[in-house]
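The primary structure of each chain is shown beneath.
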Amino acid sequence: MLHRSHIYGVMGEFSSPEELIHAVEKVREAGYRRVNAYSPFPVEGLSEALGLKRNMVPLICLIGGLTGGLGGFFFQYWVAVIAYPLNIAGRPLNSWPAFIPVTFELTILGAALSAVLGMLALNKLPQPHHPVFNVPRFTHASSDRFFVCIEAKDPKFHIAESARLLQELHAHHITEVSDD
Amino acid sequence: MAAQEYRAPESIGRLQQRALFVGGVALLVSLLGVMRTPGLFYQSYLMSFMLICGLTLGSLGLLMLQHLTSGQWGIIIRRSLESATRTIPLLAAFFLPIALFGMHHLYSAWLDPEEVKKEPLSDFQQRYLTAGGFYMRAVIYFAIWLLLMYLFNRWSEEQDANREDRALRRRFKMFAGPGIILYVFAMSFAAIDWVMSLSPHWASTIYGFLFVAGQLISSMAFMIAIVVLLARTEPFASVLQKRHLHDLGKLLLAFVMLWAYFDFSQLLIIWSGNQPEEISFYRTRLYGGWGVVAVIVLVFHFFVPFFLLLSQDVKRNAKVLPKIALWLIFMRLVDLFWMTRPEFTSQAAPTWLDIVLPLALGGLWLGFFAFHLKQHPLLPLGDPKLEEAIEHHEH
């Protein structure tokens with residue numbers, strides 16, 4: 001149990017997206033749940049293979065958009081009807097068609113900002129360092145290699161057995177990932 | 001898989017028979033209306049005709065758009081789009097009653113010298129809005145649409161036979177761009193002639209685009225309904241996937257937003273300008289009974305479909321998405337009712353002809369569409385992207 005404190009996980013390297021998906025599926029079949037995959041480009045079907053649940057970003061985005069829109073509209077309403085009521089060419093004080101462009105823009109602003117910030121927050125970004133960068137070959141994850149990492153937090157994790165599983169899946173350069 | 005023919009299933013033949021039957025019966029019933037209340041008949045007829053225009057010409061626009069962008073969504077619906085464009089001759093036949101008999105009931109504001117004396121037109125309008133000009137321009141519009149229909153359908157047939165013809169692929173792309181411009185120009189002028197001239201003293205420069213955007217909604221909604229219907233049986237059942245519906249649903253959402261954007265732009269500009277000759281359009285349409293119809297259009301043509309279509313699950317659902325699509329086609333009719341009828345009456349109530357005539361023209365149109373759909377394989381066999389478009393990714 002002692003090694004768990006400074007081991008982040010075991011990492012294996014694959015050379016094609018097909019092998020990556022196959023490996024992830026097998027690792028999950030073996031009962032591991034704390035598994036992550038790294039790829040230089042989006043791989044179709046990888047999220048399903050990893051069993052990633054749908055995240056909260058759409059909901060955060062919707063709430064941000066509605067807040068922006070309602071805020072934008074009622075701020076104008078407050079200015080034009082309550083705070084500074086002015087008669088402009090005989091139009092009603094609540095001249096709502098004139099409020100729509102700003103309402104629309106603020107809906108977009110609220111939705112876009114909350115989507116980006118929500119995505120960053122859910123990804124725990126910005127994060128200056130991550131243990132996987134301790135593996136020198138990991139730089140290839142931005143160019144031409146695909147990585148699977150079985151994390152030490154997984155209850156089934158056992159350094160030798162997890163490494164053997166990756167070996168059975170024909171991973172290259174199986175490495176321990178240290179945690180510091 | 002290689003020798004697949006993708007012939008239309010029997011259900012399309014049954015659809016053709018039933019649609020023609022309903023359309024024929026409704027047309028006979030509506031003839032009562034011509035004899036008893038010709039004015040009301042042509043008002044309903046114009047509204048129904050503009051709906052059918054949307055299904056047909058919107059498909060012409062989408063067909064060229066998919067050649068230009070070559071997205072996979074387009075390959076799934078391309079044959080249905082082509083079949084819809086091949087009903088343009090029928091559309092021209094549907095136009096004849098308006099041109100031959102209905103004009104005096106509809107366009108008296110510029111056709112009847114007495115009316116023109118009461119509310120004079122500008123010099124340009126007097127020269128432009130004449131029966132002769134109306135006919136001549138209609139001939140030009142239909143000539144443009146028929147030419148585009150002919151070219152894109154013929155090349156598509158040629159492509160089925162020569163898969164490797166690269167010159168043909170380039171030709172599709174080269175003609176699709178200018179074709180879209182021609183379609184939008186012709187449709188803008190047609191919307192001015194056929195609908196905006198109902199009230200010649202009012203003008204809006206975005207008017208044609210309202211119709212183009214509405215036509216894209218009608219056509220995309222119809223395409224969603226038809227691919228889901230086709231997917232009930234083989235061969236389409238193993239072709240259509242959730243990702244296709246997702247793409248078509250996204251485009252439907254985009255067109256609903258485009259339409260709302262154009263419609264609102266017109267209101268915003270007229271509201272801001274506040275000119276007596278411009279606000280007449282909304283004075284008649286935003287108050288009283290027509291105001292209720294305006295709210296119905298706003299809520300059920302925009303807000304409800306917009307929020308439903310935002311959801312990814314709804315767009316990928318083969319049961320819910322076609323229902324929203326059919327609902328939008330119905331709302332197109334309500335919108336056309338709101339666009340045309342207030343020029344004739346302050347009573348915002350549909351007549352029996354407003355039910356019978358859309359059924360008549362819609363039924364006949366659907367029958368002809370089904371007939372054309374049976375003539376060719378359901379997928380463009382010569383399209384270089386076909387395999388990619390129908391392969392299954394799901395593990």
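Reading guide: rules and limits
Residues numbered from 1 in each chain as written. Chains lettered and ligands numbered in written order. Predicted model: local features only at pLDDT ≥ 70, side-chain atom pairs only at ≥ 80, totals over all residues. Helix = DSSP H or I, 4+ residues; strand = E, 2+ residues; numbered from the N terminus. Rg over C-alpha atoms; globule rule 2.2 N^0.38 Å. Buried ≥ 20, exposed ≤ 12 C-beta atoms within 10 Å, placed from the backbone. Contact = placed C-beta atoms within 7 Å. Nonpolar A, V, L, I, M, F, W, Y, C, P; charged D, E, K, R; others polar. Domains from an automatic or database assignment.

## Section: the overall build of chain B
A tally of helices and strands in chain B yields 17 helices and zero strands. Whereas a compact globule of 395 residues would reach a radius of gyration of roughly 21 Å, chain B reaches 21 Å, a difference of no more than 12%. Each of the three principal axes of chain B carries a C-alpha extent, and together these read 70 × 40 × 40 Å. Counting over 395 residues, chain B shows a buried share of 42%. For chain B, the share of sequence-separated contacts (at least 6 apart) that also reach a separation of at least 24 residues comes to 85%.

## Re the overall build of chain A
Within chain A, the regular secondary structure consists of five helices and four strands. Reading chain A from its N end, one meets helices and strands in the order β-α-β-α-α-α-β-α-β. A globule of 180 residues ought to have a C-alpha radius of gyration of about 16 Å, yet chain A, at 25 Å, is considerably larger. Projected onto its principal axes, the C-alpha positions of chain A cover 80 × 35 × 30 Å. Within the span of chain A, comprising 180 residues, buried residues form 24% of the whole. For chain A, restricting intrachain contacts to residue pairs at least 6 apart in sequence, the fraction spanning at least 24 positions comes to 79%.

## A short note on unusual backbone geometry
For residues besides glycine, phi is generally negative; the peptide bonds are generally trans as well. Between L125 of chain A and P126 of chain A the backbone carries a cis peptide bond, its omega angle lying at -5 degrees. In this structure, P126 of chain A sits in the loop between α4 (96–122) and β3 (146–151). Positive phi outside glycine occurs at N274 of chain B, with the angle close to 60 degrees. Relative to the elements of secondary structure, N274 of chain B occurs in the loop between α11 (242–273) and α12 (276–285). Note on N274 of chain B: 12 C-beta atoms within 10 Å, which makes it exposed.

## A few points about the interface of chain B and chain A
In this complex, chain B contributes eight residues to the contact, which on the side of chain A involves seven residues. Of the residues assigned to the side of chain B that touches chain A, the class counts are four nonpolar, four polar and no charged.

## Here we look at the domain arrangement of chain A
Each domain of chain A was delimited in the assignment, giving domain 1 (2–54 + 131–178) and domain 2 (57–122). When each unit is reduced to the centre of its C-alpha atoms, the spacing between domain 1 of chain A and domain 2 of chain A is 45 Å.

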